[in-house]
Amino acid sequence: MPLAQPGRLWYYFHIMGFCRTARHAEKAPCAAQAKRRSTVQGIYFHIPYCLSKCRYCDFYSLGGSAAVPQEYVDALLRELARLRWQLSGAPDTLYFGGGTPSLLRPAQLAQLVDAAQPAAGAEITLEANPETLTPALLHGFLAAGVNRLSLGVQTAFDESLRRMGRPHTAAQSRKALLWAHKAGFANISGDVMLALPGYTEKELTATLDLLEDGGCTHISCYLLKLEPGTPWGEAPPERLPDDDGAAGFYLSCTDALAARGYAQYEISNFAKPGFASRHNLLYWNCQHYLGLGPHAHSCLGGRRFFCPQGTAQFLAGPAAYQQDGICTREDYIMLQLRLSAGLSLRALEHGWGRGFSQRQMAFLETLCSHGLAAFDGDVLRLLPQGMLLQNSILCELI
């Protein structure tokens, strides 16, 4: 069974987002869908405000914002109260994503954390950009309940940051990491953007050095994705690495992080022992989560839904929610194969009534013989080379 060569478009599609297969989707177990209340394990709060919009960004966000209006926080609180009847139990994770959530004031964060009523020991993550942070703010965020910081460093080269439209410098990233540790944060993640224009191994090494020296316990590494409607999507920058070059940087990154003690646990995520993102694992393990805010997605009781509204409509309220399908067997296979822990065929058969066909089992042997996967008779794990070919592999398995 031939394996297609990796290509930029499909690779980014699977590295950065969720796929939907065109084949018949098998429904989630009926018992899960019959529940009127779900034990929510995580809540995501979308904060769409940004100082400026990066040239590659297609996330829903509003540039030109120096703060988060209190009316937006009030709208999030309104929606949390509206949807509370669907939920039971205390969430084990809260995640503030954006946008630039570090534009929130500590008092606003405290309002949202208190209203969410997280479980004792919950993981509470705040995404932050280096240029927005001060020692006083970091102390305030910690006091508000945040115990995990996700810092948008991207690269240690200022020229690349300027080209991307990022408003911070490498020096500000170093200072933010220092301040975060002094404030008391012990769980800090750093984001890295790979395969930027003119990218080199030197830039990759310098960026990983900055994060490791800054005490990051978790690192997320993404290949640059050119999206329609963004400045770079409409006018791609010069000197972008080709497909083979981009794949090479990804593999170099996985090797370098392993040597530094960061274990890969998902296609784009690496962590020191005990520091994997508990919130993001909810997504990849098909667990229950609620998303609040414009364009935020949720999955409760085996069904997905999202808020398609823009910020103005969301503020006016009440928010509208649109169904986005059910959790399928295909979703489960794809999400589990994002994880280094892999896909258990026993769990697949138990949850969905069937495993793989004889032809598909033979394909697993082909993957292993090419060094793309490991299979112990139950668990299929994609190796880094196999993760680069995830799309072609999934076409054979779903």
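Whatever comes next refers back to the structure up there.
1. Some words on the sheet that holds strand S15 (residues 343–344)
The strands making up a sheet associate through backbone hydrogen bonding, with each pair oriented either parallel or antiparallel.
Phase 1: Taken in spatial order, the three strands line up as S15-S17-S16 in an open sheet, and their pairing is antiparallel. Whereas interior strands pair on both sides, the edge strands pair on one side only; in this sheet they are S15 and strand S16 (373–375).
Phase 2: As paired elements, S16 and strand S17 (residues 379–382) share three bridges and run antiparallel to each other. Among the inter-strand pairings, Phe-375 is bridged to a residue of S17, identified as Leu-380.

2. What to know about the packing of aromatic side chains
Phase 1: Counted under the stated rule, the structure contains ten aromatic pairs.
Phase 2: On the basis of an interplanar angle of 45 degrees and a centroid distance of 6.4 Å, the ring pair of Tyr-56 and Trp-232 is categorised as tilted. Taken as a pair, Tyr-56 in the loop between strand S2 (42–47) and helix H3 (70–83) and Trp-232 in helix H9 (residues 231–234) lie far apart in primary sequence, 176 residues in all.
Phase 3: Tyr-56 gets classed as buried once you look at its relative accessible area, which sits at 12%.

3. Quick look at the pairing of strand S12 (residues 297–300)
Phase 1: Bridge analysis of S12 against strand S13 (residues 303–306) gives four bridges, and the strand direction is antiparallel. Residue pairing in the sheet places Leu-300 in a bridge with Arg-303 of S13.
Phase 2: From the end of S12 to the start of S13, which pair antiparallel, there are two residues, and Gly-301 there has a positive phi angle of about 60 degrees.

4. Considering the nonpolar core
Phase 1: Residues Ile-43, Phe-45, Phe-96, Leu-149, Phe-185 and Leu-290 are the most contacted members of the largest nonpolar core, which totals 113 residues.
Phase 2: Not counting the four nearest positions on each side in its chain, Ile-43 is found in contact with Leu-80, Pro-91, Thr-93, Leu-94, Tyr-95, Ala-116, His-279, Leu-290 and Leu-292.

5. Some remarks on the pairing of strand S4 (residues 93–98)
Phase 1: Burial analysis of S4 places six of its six residues in the buried class, which makes it a mostly covered element.
Phase 2: Covered by surrounding structure in S4 are Thr-93, Tyr-95 and Gly-97 together with Leu-94, Phe-96 and Gly-98, the residues of both alternating faces.
Phase 3: One ladder, built from six bridges, connects S2 with S4; its direction is parallel. Note that in S4 the partner of Phe-45 across the bridge is Phe-96.

Reading the values: rules and limits
- Residues numbered from 1 in each chain as written.
- Predicted model: local features only at pLDDT ≥ 70, side-chain atom pairs only at ≥ 80, totals over all residues.
- Heavy atoms only, no water.
- Pairing = 2+ DSSP bridges.
- Helix = DSSP H or I, 4+ residues; strand = E, 2+ residues; numbered from the N terminus.
- Phe/Tyr/Trp six-rings, centres within 6.5 Å; stacked < 30°, edge-to-face > 60°.
- Buried < 20%, exposed > 50% of the residue type's maximum accessible area, 1.4 Å probe, protein only.
- Core = buried A, V, L, I, M, F, W, Y, C linked by side-chain atoms within 4.5 Å.
- Contact = heavy atoms within 4.5 Å.

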